[in-house]
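Chain residues, written in single-letter form:
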Amino acid sequence: CIHIQAITPLWMRDVQISPDGSTIAFCYKGDIYKVSVQGGNAVQLTTQDSYECNPIWSPDGKSIAFASDRDGNFDIFVMSANGGSAKKLTSNSVPELPSSFTPDGKCVVFSAAIQDPASSALYPTNSLTELYQVPVNGGRITQTIATPADEVCYTKDGKSFLYQDRKGFEDEWRKHHISSVTRDIWLYDAKNGKHTNLTNIGGEDRDPSLSSDGQSVYFLS
């Protein structure tokens, strides 16, 4: 007779490794924590009653941007990588989720359904977002591209970035999903505005990341 003990998962989410590879930031029960890649005790960085998620490291590893619903819907905040008070960067009436800093560290890149251009053929819905950036010191947001682009990852020269698209309303956690609306990995060239599909297959392709030499792309599929 074999007895199997039930294990309760910790549900640590939104894992991000610091630029120097020494520290992991993650979300646990609606707060942001960090822990050494060698293991050990995790340090809690946020203590609000609200839900904080999607921690993103600045290029110098000194700051972390994240989303928080402390004022209603998700807005973008930035704080020291050691914790402390956080500066609110956005205040739109729609959820905003960060995915990257710009390579110079001056702006946070995020997705939100704020305003489709007049020329857009996309159905106007909050499920199909646009890509924006906002200065880390606060200020006016600017639209980067008008089509959904999540999990942005810049190339080494900062002139292009990888992203995963979103074509429709399919649940992102559906297993073994194969259809015309599954996500793909794209490369966007900011100089000429060209989008190149890197994974044109029927299944889900997600979470692009560049290799250390910038020559290969890792992703989940």
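Preceding this section is the structure that the text describes.
Residues numbered from 1 in each chain as written. Predicted model: local features only at pLDDT ≥ 70, side-chain atom pairs only at ≥ 80, totals over all residues. Heavy atoms only, no water.

Would you take a moment to explain the pattern of salt bridges for this structure?
Within this structure, the stated rule accounts for eight salt bridges. Where Lys88 meets Asp75, a salt bridge forms, and the shortest distance between an N and an O atom there is 3.4 Å. Placement of the pair is Lys88 in strand E8 (residues 86-88) and Asp75 in strand E7 (residues 75-80), with a sequence separation of 13 residues. Since its relative accessible area comes to 33%, Lys88 is described here as partly exposed. (Salt bridge = Lys/Arg side-chain N within 4 Å of Asp/Glu carboxyl O. Helix = DSSP H or I, 4+ residues; strand = E, 2+ residues; numbered from the N terminus. Buried < 20%, exposed > 50% of the residue type's maximum accessible area, 1.4 Å probe, protein only.)

What am I meant to see in the pairing of strand E6 (residues 63-68) here?
The side chains of a regular strand alternate between both faces of the sheet. Counting buried positions along E6 yields five of six residues, so the element is predominantly enclosed. Strand direction decides the pairing type here: strand E5 (residues 52-57) and E6, joined by four bridges, are antiparallel. Pairing of Trp57 across the sheet is with Ile64, part of E6. The pairing of E6 with E7 spans six bridges and is classified as antiparallel. The partner of Phe66 across the bridge, within E7, is Phe77. Counting the residues that bridge the hairpin from E6 to E7 gives six residues, and of these Gly72 lies at a positive phi of roughly 125°. (Pairing = 2+ DSSP bridges.)

Help me out: how do you make sense of the sheet that holds strand E1 (residues 13-17) in this one?
Picture the strands of a sheet paired through backbone hydrogen bonds; they go either parallel or antiparallel. Taken together, the four strands give an open sheet; going across it, the order is E1-E2-E3-E4, and neighbouring strands pair in antiparallel fashion. What marks the edges here is a single partner per strand, and that holds for E1 and strand E4 (43-44). Pairing of strand E3 (residues 31-36) with E4, which is carried by two bridges, proceeds in the antiparallel orientation. Counterpart to Tyr33 in the pairing with E4 is Gln44.

Explain the layout of surface pockets to me, please; I cannot follow it from the model alone.
Using a probe with the size of a water molecule, rolled over the atoms, empty space left in the structure can be pinpointed. Its boundaries defined by the atoms lining it, the largest pocket holds a volume of some 1300 Å³. Lining the largest pocket we find 42 residues, and of these Glu151, Gln164, Glu172, Trp173 and Arg206 sit closest to its centre. For the lining of the largest pocket, the secondary structure elements donating two or more residues are E1, E5, strand E9 (97-101), strand E10 (107-112), strand E13 (150-154) and strand E17 (206-210). Taken together, the residues of the lining of the largest pocket sort by class into 17 nonpolar, 11 polar and 14 charged. In this structure, the second largest pocket occupies an estimated 920 Å³ of space. Around the second largest pocket, the lining is made up of 29 residues, and of these Gln16, Ile17, Val152, Cys153 and Ser209 lie nearest the centre. (1 Å grid on protein atoms, 1.4 Å probe; cavity = no way out; pocket = protein on both sides within 12 Å on 5 of 7 lines; lining within 4 Å. Points joined across faces, edges and corners; volume = space filled by probe spheres on them. Nonpolar A, V, L, I, M, F, W, Y, C, P; charged D, E, K, R; others polar.)

As far as function goes, none of this settles anything; it's purely spatial.
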